[in-house]
Amino acid sequence: MSNSPLFDLNLIQRYDKAGPRYTSYPSAVQFNAHFLEEHYREAARLSNEELLPRALSLYFHIPFCDTICYYCGCNKVVTKDRSKAELYLQYISKEVVMQGALFDRDRVVEQLHWGGGTPTFLSHQQMRDLMAVTRENFTLRDGDGGEYSIEIDPREIQHKSIALLRELGFNRMSLGVQDFDSRVQKAVNRIQPEEMTRSTLEAARREGFKSVSMDLIYGLPLQNLESFDVTLQRVIDLDPDRLSVFNYAHLPHLFKPQRRIHAEELPTPAEKLDILQLSLERLTAAGYVYIGMDHFAKPSDELALAQNKGTLYRNFQGYSTHAECDLIGLGASSIGSVYNSYDQNVRDLDGYYAALDAGHLPLFRGYELEADDLLRREIITQIICHFCLDTNKIAQQWEIQFENYFESELAELEVMQQDGLLTLQDGFLQVESKGRLLVRNICQVFDRYNRPDAADKRFSRLI
């Protein structure tokens, strides 16, 4: 069955509400300060002692940005003082050494990602130094066997920097675009001519990057159907391997930069839905496969291939081709997932530095998953990655009576079945075309922490 979603305006309007994006289950709002460094170290020990220890995934958070984008909700430090990165690199290197000591060296790093902020805020020598200390403390893949990616701001990067990144082992990149319309760019304080993006993408291809992704955002100030159609056509002409088309969540009470966006200039909910529908039509007509949750990929891309094989996974970086890795978060605010636990580093630089100076891992909260959490995580992962769930297989694997364990959830799913979002029969749940865009709603049925009264303030709208 094709994963192409069917845009049903009536259903979308009825089901549109706030909720998690399920880059983890439970979501980060459940993390708590009772999770201590000793719990993390124990998780690492248990992970090493598994019969078949998992591969590793490393995420590095580089928080610095030269200028601020008003829509941004990331943890960042806006500064033009490049020297601040040097001190940060000294401390993140300390953390690399401490973390590396916790994991056996025969556990290969299948995934590595530099995010931010703006990772290319770093100088060439700083990039070399960070990768060198990583190789000294972890076992990285030789050649292109791993998935090593970096987020790129085309306004920051030079062609020689792209060559260096390829030399260091990166083989995938994500380009921030958001919108090519100059009026929209000015309204969100991100001036980025199309030629700048094109030049970066072409340089990446010349250097042999295996995959280039582009990020777009719909719902930004001054956007309309006609202007975003132009952006979509320009992006299609650039022919990236992957695309993300995110819904802008205007949450100025949570993210101060968004207070500079004029709410009256935002498109209406109806206009946003028109833009979403247009995006689906344009991208699928251009040959992209709808992976789910805002993501599209060429049929030949590893994301699409992994989905076809049933090996697609979802973690804090989004969809992934490598399932069952232990994710080690490095740097201020980074999130990890080791064994059956989640962890997060302190967000502010002073606190991050102070913890490392004291000889501690800079954790400030986390979560230890119970058996019920693991079961529900497996269910949500299957639905959100593959749009289906074999309930008989789940019942056998977890030694439960599915109908009894999830009696109330099945009653709720029955309403969704009547609405055409899914079919559930003979021990198999299949998300139908009408339900593809509403897959988060379906996942929420299995989320025992989901409280609609609190969701509106903590999460973005589902559509």
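For the structure, see preceding data.
Owing to the predicted nature of the structure, the values given are computational and were not obtained by experimental measurement. Going along each chain's sequence as written, the residues are numbered from 1 onward. Per-residue local features are limited, in this predicted model, to residues with pLDDT of at least 70; the limit for side-chain atom pairs, both in listing and counting, is 80 or more; totals at the level of whole chains, interfaces and linings are taken over all residues. For the side-chain quantities, the full set of heavy atoms in the structure was used; hydrogens and water were omitted.

(A) Quick look at the packing of aromatic side chains. Here a Phe, Tyr or Trp ring, Trp counted by its six-membered ring, pairs with any other such ring whose centre lies within 6.5 Å, and the pair is stacked when the planes are under 30 degrees apart, edge-to-face when over 60, and tilted otherwise. This model, assessed by the stated rule, comprises 16 aromatic pairs. For the cation-ring pair, R436 lies above F387, with the distance from its terminal atom to the ring centre recorded as 4.5 Å. Two conditions define a charge located above a ring, namely a distance within 6 Å from the ring centre to NZ of Lys or CZ of Arg, and an angle within 35 degrees of the ring normal.

(B) Examining helix α2 (residues 37-48) more closely. Numbering of helices and strands runs from the N terminus; a helix is a DSSP stretch of H or I covering at least four residues, while a strand is a stretch of E covering at least two. Expected span of a helix: the number of residues minus one, times 1.5 Å. For α2, spanning 12 residues, the distance from its first C-alpha to its last is 17 Å, which sits close to the expected 16 Å at 1.5 Å a residue. Listing the buried residues of α2 in full gives E37, Y40, A43, A44, S47 and N48. Down the axis of α2, the buried side of the element spans an arc of 135°, and every buried residue falls inside it. Residues are treated as being in contact if the distance between any of their heavy atoms lies within 4.5 Å. Turning to α2, the residues buried within the fold contact α3 (84-100), β14 (326-330), β15 (335-338), β16 (341-345) and β17 (363-368). Partly exposed describes any residue whose relative accessible area lies between the buried limit of under 20% and the exposed limit of over 50%, with all areas from a 1.4 Å probe on protein chains only and scaled to the type maximum. It is the directions from the helix axis to the C-beta atoms that the arc portrays.

(C) How the structure looks around the pairing of β16. Counting buried residues along β16, 5 of its 5 residues qualify, which places the element largely inside the surrounding structure. By the alternation rule, side chains of β16 split into S341, D343 and N345 and Y342 and Q344, which are all buried. By the convention used here, strands pair only if DSSP detects at least 2 bridges between them. Direction of pairing for β15 relative to β16: antiparallel, over a ladder of 4 bridges. Of the residues in β16, the one forming a bridge with S337 is Y342. Where β15 hands over to β16, the hairpin turn is made up of 2 residues, of which Y339 adopts a positive phi near 55°. Judged from the 5 bridges that link them, β16 and β17 form a sheet pairing that is antiparallel. If you follow S341 over to β17, its bridge partner there is E368.

(D) Main features of the environment of I383. Residue position: I383 is located in helix α12 (residues 371-386). Measuring from C-alpha to C-alpha, the distance between I383 and C443 comes to 7.0 Å, with 60 residues separating the pair along the chain. Beyond its immediate stretch of four places on either side in the chain, I383 contacts C388, L389, V431, V439, I442, C443 and F446.

(E) Seen up close, the environment of Y290. Looking at where Y290 falls in the secondary structure, it is placed in strand β10 (residues 289-292). Taking relative accessible area as the criterion, Y290 reaches 4% and is therefore assigned buried. Counting along the chain gives 75 residues from Y290 to R365, while the straight-line C-alpha distance between them is 34 Å.

(F) Summary view of the sheet that holds strand β18 (residues 388-390). Spatial ordering of the open sheet is given by β18-β20-β19, a layout of 3 strands whose pairing is antiparallel. Looking along the sheet, the strands with just one partner apiece sit at the ends: β18 and β19 (422-425). Recorded for the sheet is a direction-independent mean angle of 5° between the axes of neighbouring strands. As defined by bridge partners, β19 adjoins strand β20 (residues 428-431) across 4 bridges and the pair is classed as antiparallel. Within β20, the position partnered with L422 by the bridge is V431. Each axis is a line fitted through C-alpha atoms, taken for helices only over the stretch in contact, and angles between the N-to-C directions span 0 to 180 degrees. Strands β18 and β20 of the sheet are contacted by α12, whose axis makes an angle of about 140° with β18. The sheet strands contacting helix α15 (residues 407-418) are β19 and β20, and the helix crosses β19 at an angle near 130°.

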